[in-house]
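Residue-level structure breakdown
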Amino acid sequence: MTATVPLNAYLILSAVLFAIGVTGVLIRRNALVIFMSIELMLNAVNLTFVAFSRFLHSMDGQIIVLFVMAVAAAEVAVGLAIIIALYRNKESLNVDEINLLKG
Amino acid sequence: MEWLVFVPLAAMALITAVLVIVLRNPVYCALSLIGTFFALSGIYLLLQAQFIAVVQVIVYAGAIMVLFLFVVMLLDLGHELPAWLQRDRPRVLLGICVTLLLLVELVIPIGFRTPHGPQGPYTSELVGAVGNTQLVGRLLFTEFLIPFEITSIILLIAIIGVMVLARR
């Protein structure tokens with residue numbers, strides 16, 4: 001084993017975290033847990049950016065991660081407001097039951 | 001030597017991530033996600049991105065997950081239906097198969113080769129000499145000024161949107 005951790009280790013960890021997030025979105029029926037899985041996916045992408053930023057000797061990755069975090073914060077706020085409005089109208093957070101638009 | 005720090009942090013990140021999608025009580029899922037964020041923050045420190053590591057703890061674990069926990073406890077859902085594994089078994093298996101396919105497609109092209117790219121000027125020695133936070137600040141206000149200003153507008157729009165959506 002080399003002394004330092006190679007870039008591939010970070011990339012594989014990030015890919016597995018992203019895949020776990022995708023599994024969470026596909027499997028779970030609770031809207032809040034689906035939202036948490038989306039945040040997991042965003043964090044996996046952040047890890048990829050920071051890993052490349054270190055191994056390509058560039059700071060662009062870390063700046064982009066900063067913007068991703070700001071946008072993720074805004075998205076979480078708006079998404080949770082939507083979920084609260086949804087719960088007020090339907091009294092359930094099971095995404096299988098939210099099917100008023102279904103043909 | 002770096003492996004001694006990387007392997008436990010990566011294991012903690014993976015285990016807590018799997019717990020997020022497996023546990024039934026949404027409060028436990030949120031707490032597991034906070035554990036994932038702390039593990040990722042440690043990995044960012046290993047990658048010499050000290051500013052991002054601290055911002056990860058402050059913003060993600062300290063603000064976003066607190067918001068999540070507020071909403072989870074406000075809506076007071078209790079446990080998800082325990083029959084999600086028995087009743088929806090075909091859908092769960094299909095989801096896992098699709099995810100494994102995605103994982104294979106992500107790992108095989110780039111997981112085992114050494115990516116090459118144009119090397120930038122910010123080597124580890126330069127970042128260590130000037131300071132990670134100072135460099136991020138310097139770049140944020142010169143080269144990335146326009147995205148920075150647009151981000152402030154995004155946050156303002158998000159605030160207005162939340163106030164409109166959450167009103168009775």
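Reading the values: rules and limits
- Residues numbered from 1 in each chain as written.
- Chains lettered and ligands numbered in written order.
- Predicted model: local features only at pLDDT ≥ 70, side-chain atom pairs only at ≥ 80, totals over all residues.
- Helix = DSSP H or I, 4+ residues; strand = E, 2+ residues; numbered from the N terminus.
- Rg over C-alpha atoms; globule rule 2.2 N^0.38 Å.
- Contact = placed C-beta atoms within 7 Å.
- Buried ≥ 20, exposed ≤ 12 C-beta atoms within 10 Å, placed from the backbone.
- Nonpolar A, V, L, I, M, F, W, Y, C, P; charged D, E, K, R; others polar.
- Expected span 1.5 Å × (residues − 1).
- Domains from an automatic or database assignment.
- Core = buried A, V, L, I, M, F, W, Y, C linked by C-beta atoms within 7 Å.

Broken down by element type, chain A carries three helices and zero strands. The order of α-helices and β-strands along chain A, N terminus first, is α-α-α. Scaling as 2.2 N^0.38, a compact globule of 103 residues should have a C-alpha radius of gyration of about 13 Å, whereas chain A reaches 18 Å, well beyond that. For chain A, the spread of C-alpha atoms along the principal axes amounts to about 55 × 25 × 25 Å. Taking all contacts inside chain A whose residues are at least 6 apart in sequence as the whole, residues at least 24 apart take part in 44%.

We now examine unusual backbone geometry. With a phi angle near 55°, His57(A) is a residue other than glycine that sits in the positive phi range. Structurally, His57(A) is set in the loop between α2 (31–55) and α3 (60–90). The phi torsion at Gln48(B) lies on the positive side, around 60°, for a residue other than glycine. Here Gln48(B) falls in the partly exposed class, since 16 other C-beta atoms lie within 10 Å of it.

Another aspect to go through is the interface of chain B and chain A. Contact residues are listed per partner, giving 70 residues for chain B and 61 residues for chain A. For the side of chain B that touches chain A, the secondary structure elements donating two or more residues are α1 (2–22), α2 (26–46), α3 (50–75), α5 (89–110), α7 (132–142) and α8 (145–165) of chain B. At eleven residues, the largest contribution of residues to the side of chain B that touches chain A is made by α3(B). Looking at the side of chain B that touches chain A residue by residue, the class counts come to 57 nonpolar, eleven polar and two charged.

So, about α8(B). Residues lying three or four places apart along an α-helix face the same way, a consequence of the helix completing one turn every 3.6 residues. Compared with an ideal rise of 1.5 Å per residue, which puts 21 residues at 30 Å, α8(B) spans 30 Å between its outermost C-alpha atoms and is within 8% of the ideal. The element α8(B) is barely covered by neighbouring structure, given that only one of its 21 residues are classed as buried.

This paragraph deals with the domain arrangement of chain B. Many descriptions give the size of an interface as the accessible area lost when the pieces come together. Residues and elements named next belong to chain B. Domain annotation for chain B reports domain 1 (1–106) and domain 2 (124–168). Each of domain 1 and domain 2 has a C-alpha centre, and the two are 24 Å apart. Partitioned by chemical class, the residues of the side of domain 1 that touches domain 2 number two nonpolar, two polar and no charged.

Quick look at the nonpolar core now. Grouped together as the largest cluster of nonpolar side chains are 65 residues, with contacts concentrated most on Leu17(A), Leu32(A), Met36(A), Leu47(A) and Leu33(B). Counting residues per element, the ones that place at least two in this core are α1 (7–27), α2 and α3 of chain A together with α1, α2 and α3 of chain B. At 13 residues, α2(A) tops the list of elements feeding residues into this core. Both domain 1 (1–106) and domain 2 (124–168) of chain B contribute no fewer than three residues apiece to this core. Those residues in contact with Leu47(A), other than ones at most four positions away along the chain, are Tyr10(A), Leu13(A), Ser14(A), Leu17(A), Leu40(B) and Ile43(B).

The next subject is α3(A). Residue and element names in this part refer to chain A. Under the 1.5 Å per step criterion, the end-to-end length of α3 is 44 Å for 31 residues, consistent within 8% with the ideal 45 Å. Along α3, the positions that sit buried rather than exposed are Gly61, Gln62, Ile63, Val65, Leu66, Met69, Ala70, Val76, Ala77, Gly79 and Leu80. Remark: glutamate 91 follows α3 within two positions and exhibits a positive phi of approximately 65°.

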